[in-house]
Amino acid sequence: MSVVYGYGAQWTGALSRGRDNLITDEAPELSPEEIQQLGVSQSMVKLKGLDDMKCVAASAGWGHTAMIAQDRDNERKLMVCGRPHDFQTLMRLRRLPPFLRDFCVQYSLPLEASMSMLQKIASFLAGENEVTFHEHEYRRYSNIPEMLEIKIPSGTALEGDRIDNEVFELHGRKNAANSSKRSPLHTHYQTTLATSAGTTAVISKSGMLYMFGLNQRGQCGSGTFTPNVWNPSPIHGLASKRYILDHGTGIGENLFKEFNEQENPIVSVALGLQHGIALDSEGQVFCWGKGERGQIGQGRRLADDAEGQDDEPNENRTFEHALHVENFYDPYATKSAKEDIYAPLLSPSDSKIGLISAGMNFSLAVTSSNLLYIWGKNCVPNPSFSASDFNIRAKAVADSTYPRYVPGLPTNLQIIKVACGTHHGAMLLEDGSIWAVGVATDSPVPMWDEAVEVLSPGIVDSSEIISFQAGFDRTVIVSGLENGKRQVIEIQLWSNEELRQFGAVRPSYIDWLEQEDGSQKVLSVHRGWMHTVVVTV
C-alpha cells in the first residue's frame, strides 16, 4: 500500500489531518536557510483518510489536494481534502492573525446542526462572498479536514491507461461513417487530474472531462457564469467548430454554450489560475475561462507583425465554455501570400498537439511536429521595450493572444514531457536534459524569449522517468536508478547561468523519509501554494 506524506500549512485542510489537527502545524515548511544553518531535514506527516487505498495519482492546488485512490477491488475513487471551492476566503484567512484564523477555521467546519453564534462570528470574520452565501454546501465542500470521496460518472482514468475502443466509439457515434477509418494521435491517457485555485478537473474512464469548483470566470466551462459548480460537471464546447455547427442544437452564441458533448475522448487536462486547457485524442487543444490576457489563445499573428500584434474578436474575452485553439503559425514560413494579412499556419497534420500544460496565466502546448508554443499573460518579449530608455510604463514583456513559437530548444531532440509552475514552463527532452522558459526565481527577470537549459544531459535517464511535475516555483523529477532506488531532483529557473548549471538539488525531505521508513519509494511530488504532497509506494 502507498503512503502519502505532506508538509506545510495544515489550517487549509490540504494535508488531511482531520478536524482535531487543523490548527496545529506538525510539519511546517522550512526555508532553505533553516535547513542549511540548522542542519535539519524537512519533516512530513501522513495524510489521513485513505485507509487501505493506494494513491495512484495526485495534484496539489492552492488550498486543497485531490487524489485518485485505488481500493482492494481495484476500484478508483476521487478523493479531495482542504478547500476545493475556495480561493477568496483562503486569501483572506491567510492575512488574518493566527489566533483569529484558527478561530475561523475551527468554527467554519461542516455543520452538524443549526449555526451557533460562534459559527456565525467565524463566517463573518472569514468574509462573505457569492460562494459562502450557500452556507451548508460551502461548509460541506469548502473546509474538508480529511479525505472525502467525490463521485465521478464511470470512474476515473489514469495516466498510461489505454483508451478502450468502446470509448472511441462512444464519442465517434455521430461520425459513424468515418469511425472505422479513424487513427487517433493519442491512444493512451496522459494527465487525468488537475487542481488550481478552488477548481478541480478529472477525466473519467469514458474520456469525459469533468470539473467542479469556482466558476465566476467560467473556470469550470459549464456554459454559464455562476459563483461555483458544486458537483463534477462536463465541460461545454469540447469539439471543433465544424463538429459543433454540424451537431449542435443551440442558436447563435448558445450553440457553443449548450454543447455539452465531446467530439473525441479527452486525454490530458491542465489548469491555470482561472482558465483551463484540454487535449483530445485527435490532437485538438481547447481552452476556457478567463481570457482577458490571451490565456484562451484565440488571436492570430499578422503577416508583417512584430510579436504581440493580433486582430481577432475573441482574443481577449472570457468564456464559460471551451474553444478550439487552432492558430499555430509556421515559424519557418518564409512569406505569406500578398492578399493574406495573417502569418501562415502550420499544416493540419503538423499542428496536431502532443503535450499540454498551464501556468498561472499562460498556456503551453507542443505540436506533434515537436514545436513548442506558449500564449497568455506577459509571455512574449515586447519589441518596443528598451532597457536604456527610461519609461516607467514600459514593460519588457507583453501578452500573447495567439500561440507563439518558442525557440531555443535543440531541434534534433524530442520533447517528451512538459510541466508548468505558476510562472515557468519546463520541458524534458529525450536526452534527459531539461529546458525552461518563464520568470526567474532569483529575480523577477522575464526569460520568455527562448528556452534555456536548466539541467544538463546525463543526470536523469529519460527512459526511467516516473514523474515529471511542476508546482509554483520549481520542477520535481522522480526517476528510477539501476539499484532499484529512486532519484528525486528539484530544479528552478535561475537568471544566473552558474546557478542553472549547478541548480539541481536533492530535497531534504528525502533524507527524512529514508530515516522514517527506508522501504518507501517516492512515486510523485506535488507542490501547492502553502503545502507539498509526496506520494510513496
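Criteria and thresholds
Residues numbered from 1 in each chain as written. Predicted model: local features only at pLDDT ≥ 70, side-chain atom pairs only at ≥ 80, totals over all residues. Heavy atoms only, no water. Helix = DSSP H or I, 4+ residues; strand = E, 2+ residues; numbered from the N terminus. Contact = heavy atoms within 4.5 Å. Areas by Shrake-Rupley, 256 points an atom, 1.4 Å probe, with all protein chains shown as cover. Buried < 20%, exposed > 50% of the residue type's maximum accessible area, 1.4 Å probe, protein only. Pairing = 2+ DSSP bridges. Axes fitted to C-alpha atoms, helices over the stretch in contact; angles between N-to-C directions. Arc of directions from axis to C-beta. Salt bridge = Lys/Arg side-chain N within 4 Å of Asp/Glu carboxyl O. Polar contact = N/O pair within 3.5 Å; in protein donor to acceptor, adjacent residues only side chain to side chain.

*Asks:* Quick question: what am I supposed to make of the overall build of the protein here?
*Replies:* Along its length, the protein carries 11 helices and 27 strands. Contacts in the protein between residues far apart in sequence, at least 24 positions, make up 61% of those at least 6 positions apart. Carbon and sulfur atoms form 48% of the exposed surface of the protein, whose accessible area is close to 23200 Å².

*Asks:* Where do I start with the pairing of strand 3 (residues 54–60) in this structure?
*Replies:* The side chains of a regular strand alternate, first on one face of the sheet and then on the other. Counting buried residues in strand 3 gives 6 out of 7 residues, a clear majority hidden from the surface. Here strand 3 pairs with strand 4 (residues 64–70) via 6 bridges, running antiparallel. Looking at the pairing, Ala-58 lines up with Met-67 of strand 4. With antiparallel pairing between neighbouring strands as the criterion, strand 3 and strand 4 make up a hairpin whose turn holds 3 residues.

*Asks:* What is the right way to look at the environment of Arg-300 in this model?
*Replies:* Structurally, the position occupied by Arg-300 is in the loop between strand 13 (285–289) and strand 14 (319–325). Taking the relative accessible area as the measure of exposure, Arg-300 reaches 15% and is therefore buried. Distance in space between the C-alpha atoms of Arg-300 and Phe-328 is 8.5 Å, their sequence separation being 28 residues.

*Asks:* Even after reading the chapter, I still don't get the sheet that holds strand 19 (residues 415–420), so can you show me in this structure?
*Replies:* Strand pairing in a sheet relies on backbone hydrogen bonds, with the paired strands running either antiparallel or parallel. Strand order in the open sheet formed by 4 strands is 19-20-21-22, with antiparallel pairing between adjacent strands. Here the strands that pair on one side only, and so sit at the sheet edges, are strand 19 and strand 22 (446–455). Going across the sheet, the axis of each strand differs from the next one's by a mean of 20°, ignoring polarity. Inspection of the sheet shows strand 19 paired to strand 20 (residues 424–429) by 5 bridges, in the antiparallel sense.

*Asks:* When you look at the sheet that holds strand 6 (residues 144–150) in this model, what are you seeing that I'm missing?
*Replies:* Strand order across the open sheet formed by 4 strands is 3-4-5-6, with antiparallel pairing between neighbours. The open sheet has two edge strands, strand 3 and strand 6, and neither has a second partner. Along the sheet, successive strands turn relative to each other by an average axial angle of 25°, direction set aside. Here strand 4 runs beside strand 5 (residues 76–82); their pairing, made up of 7 bridges, is antiparallel. Residue pairing across strands places Met-67 opposite Met-79, the latter belonging to strand 5.

*Asks:* Honestly, helix 2 (residues 88–95) in this entry has me stumped. Any pointers?
*Replies:* Given 3.6 residues to a turn, an α-helix orients residues that are three or four positions apart in the same direction. Of the residues making up helix 2, those classed as buried are Thr-89, Leu-90 and Leu-93. Mapping the buried residues of helix 2 onto a view down its axis gives an arc of 100°, with all of them on the same face.

*Asks:* Help me understand the pattern of salt bridges, please; the structure alone is not making it clear to me.
*Replies:* Close approach of charged atoms lets side chains of opposite charge pair. For the structure shown, the criterion picks out 18 salt bridges. With a closest N to O distance of 3.4 Å, Glu-490 and Arg-474 form a salt bridge. Taken as a pair, Glu-490 in strand 25 (residues 486–491) and Arg-474 in strand 24 (residues 474–480) lie far apart in primary sequence, 16 residues in all. Accessibility expressed as a relative area gives 8% for Glu-490, which makes it buried.

*Asks:* Can you help me understand unusual backbone geometry in this one?
*Replies:* Residues other than glycine predominantly adopt negative phi, and peptide bonds predominantly adopt the trans conformation. For Asn-370, which is not a glycine, the phi torsion comes out positive at approximately 70°. By the secondary structure assignment, Asn-370 is in the loop between strand 16 (362–367) and strand 17 (372–381).

*Asks:* I'm lost on the side chain of Ser-2 in this one. Help?
*Replies:* Along the polypeptide, Ser-2 turns up in the segment before strand 1 (3–8). A distance of 2.7 Å separates the side chain of Ser-2 from the backbone nitrogen of Cys-55, its partner in a polar contact. Leaving out residues up to four positions away in the same chain, Ser-2 has contacts with Met-53, Lys-54, Cys-55, Thr-536 and Val-537.

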